[in-house]
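This is what each chain is made of:
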Amino acid sequence: MDLTLDKKLQGFQLVAQEKLCSILCSIPGKKELILEPDLIKPLEHVVTASWLKLKGIQRIYKHDAAQPLPRSADQVHIYMIRSVLGTFQTLLKQLQPVALEEMPDIAMKMYHIVCVPSCYSYFQTLLEQAGLYGLVQLHHFNWDFIYFDQGVLSLELPNLYECLYLQRNTSPLPSMAQSLRLLQMICGQPSLILSFGNHSSQLMQMLKTLGKLPAPTNPPDYGGWLVIDRDKDYPASLLTPAIYAGLLLEVFEQRSGEILVDNSKNKISSQRVELLQGKKPKTGVNPASKPCSIRLNSTSDEIYGDNRYKRFAQVSSLIHAQVKALGLELQKLNDMQLDEMHDYVARKLPKLTELKSKVLRHLNASEIVIQMMGNFRKLQTLEEDILNNDSRKRLLSEIDELLTTDGQRYNTLRLLCLLHHCVGVAPEELQIFARNYCNLFGHQELGVFQQLSQAGLLPPLVAEKKAPTKLLSNLPLPKFQQTEFQANANRLKLLTSSGDGQDGGSSSRSQASGLQSCPSFVFNGTYIPLVAQLCSILLKTNSAEELSSKLGMIEGLQLHLDSGRTTPKAFASQLKANGVADHDVFPLRLRNLFVFIVGGASYAEIAACDFVAKLTGAQITVASDSLMAGSDLIATAFNH
Amino acid sequence: MDLQFDSESYWNRSSRAAFSFDDEDEVDLAPDLASNGILADDTISEASFNNSVVLNLSIKSILSEEALKLVLQEQALDDRVLPKGVSPEEELKLLRRQLQSTLYSPNLEATAQKLLQGKTAPLEMFKSLQEKQQLLDTLMAQGGGHAVITVLLFLKRTLNTTQFHGILRERPKALEEYLSYLKESGDLASHIELLQLFGRHQEAALKQFEAALASGDASSRKKHLQLLVNAYATAGVGVIPLYEQVFHAALKMQQLMEKDSGLGKLLRDQPTPVEVLYACCQVNSNWKEQDMLKPVSPQRFAADQQISAAQYEWTALNERAQAQAYADLECIFERVPSWHPLKTKQFHISFDLTLAVLRLYELQAPSTVLQLFLSKMGNSVEKLALAQRVKCIKAVVDAMAGLKQQQELQQLKDTLPDRSEEQFYCENALKSLQSKRWTTDNIKLKL
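Residues numbered from 1 in each chain as written. Chains lettered and ligands numbered in written order. Predicted model: local features only at pLDDT ≥ 70, side-chain atom pairs only at ≥ 80, totals over all residues. Heavy atoms only, no water.

Peer 1: Teacher, can you tell me more about the overall build of chain A here?
Peer 2: When you go through chain A residue by residue, the secondary structure sums to 28 helices and 16 strands. Against the globule reference of 26 Å for 640 residues, chain A gives a C-alpha radius of gyration of 27 Å, in line with a compact fold. Counting only C-alpha atoms, chain A reaches 80 × 75 × 60 Å along its principal axes. Across the 640 residues that make up chain A, the buried fraction comes to 61%. Within chain A, contacts between residues separated by at least 24 positions form 80% of all contacts whose residues are at least 6 apart in sequence. Counting every atom, chain A has about 25,700 Å² of accessible surface; 53% of that belongs to carbon and sulfur. Here chain A contributes 63 positively and 61 negatively charged side chains, and the mean placements of these two sets differ by 1 Å. (Helix = DSSP H or I, 4+ residues; strand = E, 2+ residues; numbered from the N terminus. Rg over C-alpha atoms; globule rule 2.2 N^0.38 Å. Buried < 20%, exposed > 50% of the residue type's maximum accessible area, 1.4 Å probe, protein only. Contact = heavy atoms within 4.5 Å. Areas by Shrake-Rupley, 256 points an atom, 1.4 Å probe, with all protein chains shown as cover. Lys, Arg positive; Asp, Glu negative; His and termini not counted. Charge placed at Lys NZ, Arg CZ, Asp CG, Glu CD.)

Peer 1: Can you walk me through helix α26 (residues 568-578) of chain A in this structure?
Peer 2: For an α-helix, 3.6 residues make a turn, and residues three or four places apart therefore share a direction. All names here are of chain A. Three or more residues of α26 are buried, namely Pro568, Phe571, Ala572 and Leu575. Viewed end-on, α26 has its buried residues packed into an arc of 95 degrees, placing them on one side of the element. Opposite the buried face of α26, by more than 90 degrees, sit the exposed residues Ala577 and Asn578. At the C-terminal side of α26, Gly579 shows a positive phi close to 65 degrees. (Arc of directions from axis to C-beta.)

Peer 1: Help me understand the sheet that holds strand β15 (residues 592-598) of chain A in this model?
Peer 2: The pairing of strands in a sheet happens through backbone hydrogen bonds and is either parallel or antiparallel. Residue and element names in this part refer to chain A. Strand order in the open sheet made by the eight strands is β6-β7-β16-β15-β9-β8-β13-β14, with mixed pairing throughout. The sheet terminates laterally at β6 (146-149) and β14 (564-566), the two strands that pair on one side only. Geometrically, the sheet is characterised by an average inter-axis angle of 20 degrees between neighbouring strands, direction not taken into account. Pairing between strand β8 (residues 192-196) and strand β13 (residues 557-561): four bridges, direction antiparallel. (Pairing = 2+ DSSP bridges. Axes fitted to C-alpha atoms, helices over the stretch in contact; angles between N-to-C directions.)

Peer 1: Would you explain the confidence of the model for chain B in this entry?
Peer 2: Detailed reading of the predicted model is not advised wherever pLDDT is low. Residues and elements named next belong to chain B. Looking at chain B, the pLDDT average stands at 79 and 79% of residues meet or exceed 70. Per-residue pLDDT, averaged within each element of chain B, yields its smallest value for helix α3 (residues 43-49) (37) and its largest for helix α11 (residues 161-170) (94). Here residues 1-17 is modelled with pLDDT under 50, and outside its nearest four sequence neighbours on either side it reaches 28 contacts, counting other chains as well. Within the model, the stretch residues 19-53 combines pLDDT values under 50 with 74 contacts to residues more than four positions away or in other chains. Interface confidence in the predicted complex, given as ipTM, is 0.89; pTM for the same model is 0.88. (pLDDT = per-residue confidence, 0-100.)

Peer 1: Help me out: how do you make sense of the UniProt feature "domain: Vps16 C-terminal" (unreviewed entry) in chain B in this one?
Peer 2: Within this structure's numbering, the places UniProt gives as "domain: Vps16 C-terminal" (unreviewed entry) are residues 127-235 of chain B. Along residues 127-235 of chain B one finds 83% helix and 0% strand; the C-alpha atoms at either end are 40 Å apart. (UniProt positions renumbered as here; feature names shortened; annotations may be inferred.)

Peer 1: I'm lost on helix α27 (residues 421-435) of chain B in this one. Help?
Peer 2: Residues and elements named next belong to chain B. In a regular helix each residue adds 1.5 Å, so 15 residues correspond to 21 Å; α27 covers 21 Å between its end C-alpha atoms and thus fits that length. All of the buried residues along α27 are Gln423, Cys426, Ala429, Leu430 and Leu433. Down the axis of α27, the buried side of the element spans an arc of 125 degrees, and every buried residue falls inside it. Residues of α27 that are exposed and point more than 90 degrees away from the buried face comprise Glu421, Lys431 and Ser435. (Expected span 1.5 Å × (residues − 1).)

Peer 1: Whenever I open this one, the pattern of salt bridges confuses me. Can you help?
Peer 2: Pairing is possible between side chains that carry opposite charge, provided their charged atoms lie close to one another. Following the criterion strictly, the structure yields 39 salt bridges over all chains and no others. A salt bridge links Arg347 of chain A to Asp343 of chain A; the shortest N-O distance between them is 3.3 Å. Residue Arg347 of chain A and its partner Asp343 of chain A are both found in helix α14 (residues 338-347); the two are separated by four residues, about one turn of the helix. We classify Asp343 of chain A as partly exposed; its relative accessible area is 37%. Residues Arg300 of chain B and Asp304 of chain B are paired through a salt bridge, measuring 3.2 Å at the closest nitrogen-oxygen approach. Of this pair, Arg300 of chain B and Asp304 of chain B both sit in helix α19 (residues 298-304), four residues apart, roughly one helical turn. Residue Arg300 of chain B is classed as partly exposed on the basis of its relative accessible area, which comes to 25%. (Salt bridge = Lys/Arg side-chain N within 4 Å of Asp/Glu carboxyl O.)

Peer 1: What should I look at first to understand the nonpolar core in this one?
Peer 2: Looking at soluble globular proteins, one finds that nonpolar side chains tend to be buried together. Ranked by size, the top nonpolar core spans 339 residues in total, and within it Ile113, Phe141 and Phe596 of chain A carry the most contacts. Other than its neighbours up to four places away in sequence, Phe141 of chain A contacts Ala16, Lys19, Leu20, Ile23, Leu43, Val46, Met80, Val114, Cys115, Val116 and Pro117 of chain A together with Gln75 of chain B. (Core = buried A, V, L, I, M, F, W, Y, C linked by side-chain atoms within 4.5 Å.)

Peer 1: Would you mind showing me how to read the sheet that holds strand β5 (residues 136-140) of chain A here?
Peer 2: Residue and element names in this part refer to chain A. Pairing is parallel in the open sheet, where five strands are placed in the order β2-β1-β3-β4-β5. Each having just a single partner strand, β2 (57-62) and β5 make up the two edges of the open sheet. For this sheet the average axis-to-axis angle between neighbouring strands, irrespective of direction, equals 20 degrees. Two elements, strand β1 (residues 30-35) and strand β3 (residues 75-82), share six bridges in a ladder whose sense is parallel. Each bridged residue has a counterpart across the sheet, and for Ile34 the counterpart in β3 is Tyr79. Relative to the sheet, helix α5 (residues 85-100) contacts β3, β4 (111-116) and β5, its axis offset from that of β4 by approximately 180 degrees.

Peer 1: What's the story with the interface of chain A and chain B in this structure? I'm lost.
Peer 2: Interface size is commonly expressed as the accessible area that is lost once the parts come together. Contacts between the two partners involve 109 residues from chain A and, on the opposite side, 110 residues from chain B. Carbon and sulfur atoms make up 59% of the surface buried where chain A meets chain B, a total of about 10,000 Å² over both sides. Taken as a group, Arg435, His443 and Leu446 of chain A account for 7% of the area that chain A buries against chain B, more than any other trio of residues on that side. Connecting chain A to chain B are one salt bridge. (Buried area = accessible area lost by both parts, 1.4 Å probe.)

Peer 1: Whenever I open this one, the pairing of β6 of chain A confuses me. Can you help?
Peer 2: Walk down a regular strand and you will see the side chains alternate between the two sheet faces. All names here are of chain A. Direction of pairing for β6 relative to strand β7 (residues 152-154): antiparallel, over a ladder of three bridges. Across the sheet, the residue bridging to Ile146 is Ser154, located in β7. Two successive antiparallel strands, β6 and β7, enclose a turn made up of two residues, where Gly151 displays a positive phi of approximately 80 degrees.

Peer 1: Please explain the packing of helix α16 (residues 376-387) of chain A against helix α17 (residues 392-406) of chain A as it appears in this structure.
Peer 2: Each pair of packed helices can be summarised by the angle the axes make with each other and by the distance between the axes. Residues and elements named next belong to chain A. At a minimum axis distance of 10 Å, the contact between α16 and α17 shows a crossing angle of 145 degrees. Crossing geometry of α16 relative to α17 is assigned as left-handed. Here Lys378, Leu382, Asp385 and Ile386 of α16 come into contact with α17, specifically with Arg394, Leu395, Glu398, Ile399, Glu401 and Leu402. Grouping the constituent residues of the contact of α16 with α17 by class yields five nonpolar, no polar and five charged. (Left-handed = near helix turned anticlockwise from the far one by under 90°. Nonpolar A, V, L, I, M, F, W, Y, C, P; charged D, E, K, R; others polar.)

Peer 1: Explain the packing of aromatic side chains to me, please; I cannot follow it from the model alone.
Peer 2: The geometry of an aromatic ring pair is captured by two quantities: the separation of the ring centres and the angle between the planes. One pass over the full model with this rule turns up 30 aromatic pairs over all chains. Taken together, a centroid distance of 4.9 Å and an interplanar angle of 75 degrees make the contact between Tyr410 of chain A and Phe638 of chain A edge-to-face. Here Tyr410 of chain A, found in the loop between α17 and α18 (411-422), pairs with Phe638 of chain A, found in the segment after α28 (630-635); they are 228 residues apart in sequence, far enough to count as distant. Relative accessible area serves as the criterion here: at 12%, Phe638 of chain A is assigned to the buried category. Plain terms: the ring middles of Phe164 of chain B and Tyr178 of chain B are 5.3 Å apart, the flat faces sit at 85 degrees to each other, and that makes the pair edge-to-face. Separated by 14 residues along the polypeptide, Phe164 of chain B in helix α11 and Tyr178 of chain B in helix α12 (residues 172-185) bring together distant segments of the chain. Grouping residues by exposure puts Phe164 of chain B and Tyr178 of chain B together as buried. Aromatic ring contacts, followed pair by pair, group Phe88, Tyr120, Tyr122 and Phe123 of chain A together with Phe164, Tyr178 and Tyr181 of chain B into a single cluster. The ring of Tyr425 of chain B has Lys394 of chain B lying over it, and the distance from NZ or CZ to the ring centre is 5.4 Å. (Phe/Tyr/Trp six-rings, centres within 6.5 Å; stacked < 30°, edge-to-face > 60°. Lys NZ or Arg CZ within 6 Å of the ring centre and 35° of its normal.)

Here is the structure:
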């Protein structure tokens, strides 16, 4: 059997089934499954209801933290929850009466808790403290990578960014390392791994600690892995994408690889303060219109597949044209002879009507996007100016004006974070913004600024104003400071629209007219996502020497080879010193790359990687713990 | 309560009655829950179930038996269960090894690896302080993870506070993990205490502030806020100016809401300052003069809460336009220049005029109001475009006159309904434009 890479990646589902099966089959009795609602959608990608039934699950319930579920004497309750301390504690509290029961039957465990993706080792301690040890059995289940779409994998761990970057809590790292280990078992070990960032290198460390792998059954698929931390490339998340899939995610709620298109509310409209929204759309105009969903999978939705990584403006007109063409096609029916019609209705019509409903769904979605994004061009210009540090004072006042006249809870803050990341915002400036922000969204949001400064998205607020700094900022001296972002972006040539760049502004303009010659098209020709640039460097490099000259200046990049951990520079000099050029891993013999982003990937990054892959004739798989838009990233700071 | 569960109606209205992935299944499914069920959701969901059929892939082709066994073995939480079918000698060996590791020399690496995999590992034999520290450091060096918290909890149990805090003090990363654990577990008191102990007063203050706002009723909210403000006024630790301002503002607003119950009726629980300002605008009756004495006057409230001029103007603009009290709009945007108080009032706006005009248009303001705002625009080209967009004919005429577009004016005049007010306005503009033909500009040109 010919086993393509995509097939193999879909095979993660089989492994997940096998894992879940071994848990369920180890539990005897009449089983009932109680699921945390949040788990249902991703679990759909793993198993079906009939499968669960086959494994002895008699009923499935949604878990409700407010109401405990009664259990009859012969039933076994299996709870499945995310491994979040709060959720676990609530569940333990709910199960507390069990501990008080007289004469508990210890031999038969009637309660089980399955934690996804891993059962933190201190959960056992908490179980013991709650007096439930021996009565409740803990398990863990990691579904590993879920195959969303060609070239797109997700671990579906929605709280990971918050945990790692805002709380600095590394609890979820081991389960990720285990998933990566499984990937190595299935797809083989790559000849090199390039990691960028703290968490990434920690992950590689853990991968090593987890031990040796059994001999692989298949030849390796990937020539290289690229593992990078989200905070090494914030702009790729914070900038507003210009491509179809990216904008869909900006506007609509995403749940496990599908988006929910609701005419009455969406991600953007719910961010605004209702009182100042202007004219309210008349409710009840179309109460019958049920929210529908679009699956972001190119095999099940060919319209999405054709358009996912194209520029939105282009897609929107393509969809309009398609609707028209379909209308004409259906009109043909009127001019047909009877027997012709029979044939047509039997063969072509069902397909056409199905296609039509799909196209209409996309039409509806793209119209809502247009309506919601408002003055998109203005936003893009603003973002471009932020990237290129074009008249900083004006940028701040424009963001402030946006806050006042079109305040969006996450998106306005996102612009400020982008400004800080690219140019730097002074604490005093943040203070003024934060004051206005709290006035608009409430005093309780004060903590958000501290949270975001933890992740380096905003400057930390300082206790007392120090006179010297104040003086300095008032002096009209030209500043030549560069932020870390600017330095790295210049070294790696990520900014494509800045005046002094090699390609200059003119080339980016030509891209805007539809000619795509550079992966920066995902951001309207202003910025190349870091992962895409690193991928193209890895694929185009011919020797370690070349890699070292390209990446040597970047702090924090690490190469993980069979021989151990090193840096691009050290690797090159080591090869030179030993004089064994044939130990060089470059050029990569296997042209496939695996990209893993710790802390959420954006569709712009995926699209840019897809573009690089097509350009170089390689395959690039992008995986992450979740797929998110910039507003989702900012929203994580609000869960205090 | 228990009786309720017997009645059938309970299941029909309960939010967590059984649902099924598959609507053909015989699992009893309440009708209103069909929408919650996974398959009933949409046809799209159905597609995902065909995955396994389409896949046509066997697990053996991607993973060797050995590897699969390893994966499943790593998934098991408890290693201590003896495998079945082992010979007595091997069993003895296994038991001996287990005994050794439990009672005597603790094995650092093995314990760390087990904890990393989420397996249960006994920690009790790590008795000496040095062993405890080594365990923690080994885990931290391996990249941390949840095992760090497990070990910290163990240390907290087996060491006195001085020692425990000493260990945290030397390991800032471990401290972060522990703080995050306390935060997630909802143990607010210990969290704040630890923050203060380690000199992080700002974060502690923030946590206390959040807790104060989260308390249920208004009076206890006020009490807690008052305590917090007082505590930080006297604590002698530097406070971030932003925090201080917001703490005070929150307290002030709480006091205002308590005093003025009329305002509270217009608002939801825990309103934002701008929402309160909106309510203040609703109850304000005198827009002609700025009242700085009454605490619920919009100007006074905005000053008290340090609401920026732009925010104040935008909120008032929206409220007045919604209330269709367009006459008040002029008062909102009037400023007496401070450097010359005797001078007549001037029009002043703190944000882009275009946005104001568009919003007013959206709220269906009459065209006289639109014209008033459009007349303040300096750039005639922009004004023309905007006026055309909001269909304000008079402003279009003004702009065209400003641009001296005679032909366009003539064309516009022809399209307007006969003898309408707009037509007269247009005609006047044309006339004045024509009469001006022989004045300054042209003469100058000839000279």
